[in-house]
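Descriptive analysis of the structure
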Amino acid sequence: MDDRHRGRVTKEGIRIHEAADFDGMHKAGRLAAEILDDLCYVVQPGVTTAAIDRVIEDKVNAAGAKSATIGYKGYRHASCISVNHVVCHGIPGDKVLKDGDILNIDVTVIVDGWFGDTSRMYVAGKLSRKAERLIQVTHDSLMKGIEAVRPGNTFGDIGHAIQAYVEAQRMSVVRDFCGHGLGRVFHAPPNVLHYGRPGTGPILEEGMFFTIEPMVNLGRPETKVLADDWTAVTRDKSLSAQFEHSVGVTADGVEIFTPSPAGKFHPTWG
Ligand code: MF3
Ligand code: CO
Ligand code: CO
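The following paragraphs examine the structure supplied in this document. Everything numeric in this text was worked out from a predicted model, so none of it was measured. (Residues numbered from 1 in each chain as written. Chains lettered and ligands numbered in written order. Predicted model: local features only at pLDDT ≥ 70, side-chain atom pairs only at ≥ 80, totals over all residues. Heavy atoms only, no water.)

1. Brief notes about the overall build of the chain
Each helix and strand counted, the chain has four helices and 17 strands in total. In terms of C-alpha radius of gyration, the chain reaches 17 Å, essentially the compact-globule figure of 18 Å for 270 residues. Principal-axis analysis of the C-alpha atoms gives the chain an extent of 50 × 45 × 35 Å. Across the 270 residues in the chain, those meeting the buried criterion constitute 53%. Taking all contacts inside the chain whose residues are at least 6 apart in sequence as the whole, residues at least 24 apart take part in 70%. (Helix = DSSP H or I, 4+ residues; strand = E, 2+ residues; numbered from the N terminus. Rg over C-alpha atoms; globule rule 2.2 N^0.38 Å. Buried < 20%, exposed > 50% of the residue type's maximum accessible area, 1.4 Å probe, protein only. Contact = heavy atoms within 4.5 Å.)

What follows is the structure in structure tokens.
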């Protein structure tokens, strides 16, 4: 049997992975997180986002892995780099980082067929107080969502934990993009919403693998996609931040596949 099709799928189309599959995710997640760790020294005022992407592509190749984004729906880069009011899917290019810019770098690698998907925030130069608060709240909202991951809870519990925390800080959760199931594929059911009501949505089961990747805006939640058909920005031009982990549901909780080996997940510039 093709081992991509081992195991069970729930009525919502969510794959239930086996114990041995956690190891594959762990290796893929670790490489993605290591690459993000190494970028702390690369992100500086004066550097272009294309130069950062080239460093990422070289690191993926040096590890003998594959970039999941190169060739994905015609995308040609090893990362998405989303600066300031860019919400997600920023395309690396000749944009030069300037002092005080904040940016999300999102890397997905394939190792032995398993996908590791993670993103963090970085700053070029000096961080402003309001950007620091946005980044802290976004990071903490992801961790609140992860704390809601255990068998028997629902996806709505995850979204609610994120939304309640963010809105209590008077910031907003983006609705137009969500997390996703992954494993031996990049994007699979379910859509992991970063807002919602407790007790709603599919029930979490041991062996589910998915990302949680909240995008949080200082202003309103609405986004629009630019003419390049990729770059999503805040409609009101307010600053936006995002963090992403790939996780798996265990017998009694959660395993994060993409923790920072260097302990740098946040703050990444320390
Ligand atoms: N890594 C992104 C995610 O978190 C997807 C990027 S797809 C790309 O799902 F083509 F824009 F790179
Ligand atoms: Co993702
Ligand atoms: Co990602």
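Resuming the write-up.
2. Quick word on the coordination of the cobalt ion (ligand 2)
Within the first shell, the cobalt ion (ligand 2) binds the protein through Asp-117 (OD), His-180 (NE2), Glu-213 (OE) and Glu-244 (OE), at distances of 2.0 to 2.2 Å. Each of the six donor atoms around the cobalt ion (ligand 2) contributes to a set of angles spanning 51 to 160°, which defines the coordination as irregular. Expressed as a motif, the donor residue spacing for the cobalt ion (ligand 2) is D-x62-H-x32-E-x30-E. If you look at the cobalt ion (ligand 2) and the cobalt ion (ligand 3), they sit 3.3 Å from each other and are both ligated by Asp-117. Taken together, the residues span a long stretch of sequence, with His-180 in strand 9 (residues 179-181) and Glu-213 in the loop between strand 11 (209-212) and strand 12 (215-217) at a distance of 33 residues. The exposure class assigned to Glu-213 is buried, which follows from its relative accessible area of 8%. (Donors = N, O, S within 2.8 Å, 3.2 Å for Na, K, Ca; no water. Tetrahedral: all angles 85-135°; square planar, octahedral: opposite > 155°, others 65-115°.)

3. Points about the coordination of the cobalt ion (ligand 3)
Within the protein, the cobalt ion (ligand 3) binds to Asp-106 (OD), Asp-106 (OD), Asp-117 (OD) and Glu-244 (OE); these donor distances fall in the range 2.1 to 2.3 Å. Angles of 59 to 169° at the metal separate the six donor atoms of the cobalt ion (ligand 3), which places the site in the irregular class. All donor residues of the cobalt ion (ligand 3) come from one chain, and their arrangement in sequence is D-x10-D-x126-E.

4. A short note on the packing of aromatic side chains
Applying the stated criterion to the full structure yields nine aromatic pairs. Aromatic pair Tyr-72 and Phe-186: ring centres 4.9 Å apart, planes at 55°, arrangement tilted. With a gap of 114 residues between them, Tyr-72 in the loop between strand 3 (66-67) and strand 4 (80-83) and Phe-186 in the loop between strand 9 and strand 10 (188-192) connect regions that are remote in the sequence. Of the residues examined, Tyr-72 reaches a relative accessible area of 24% and is grouped as partly exposed. Classification of Phe-186 as buried rests on a relative accessible area of 9%. Ring centres of Phe-115 and Phe-186 lie 5.7 Å apart, and the angle between their planes is 25°; this geometry places the pair in the stacked category. On the criterion of sequence distance, the pair formed by Phe-115 in strand 7 (residues 114-123) and Phe-186 in the loop between strand 9 and strand 10 is long-range, its members being 71 residues apart. Of the two residues, Phe-115 and Phe-186, neither departs from the other in class, the shared state being buried. Each member of the aromatic cluster is reached from another via a ring pair, and the members are Phe-22, Trp-114, Phe-209 and Phe-257. Over the aromatic face of Tyr-195 sits the side chain of Arg-175, whose NZ or CZ is 5.0 Å from the ring centroid. (Phe/Tyr/Trp six-rings, centres within 6.5 Å; stacked < 30°, edge-to-face > 60°. Lys NZ or Arg CZ within 6 Å of the ring centre and 35° of its normal.)

Just geometry here; none of it tells us what the structure is for.
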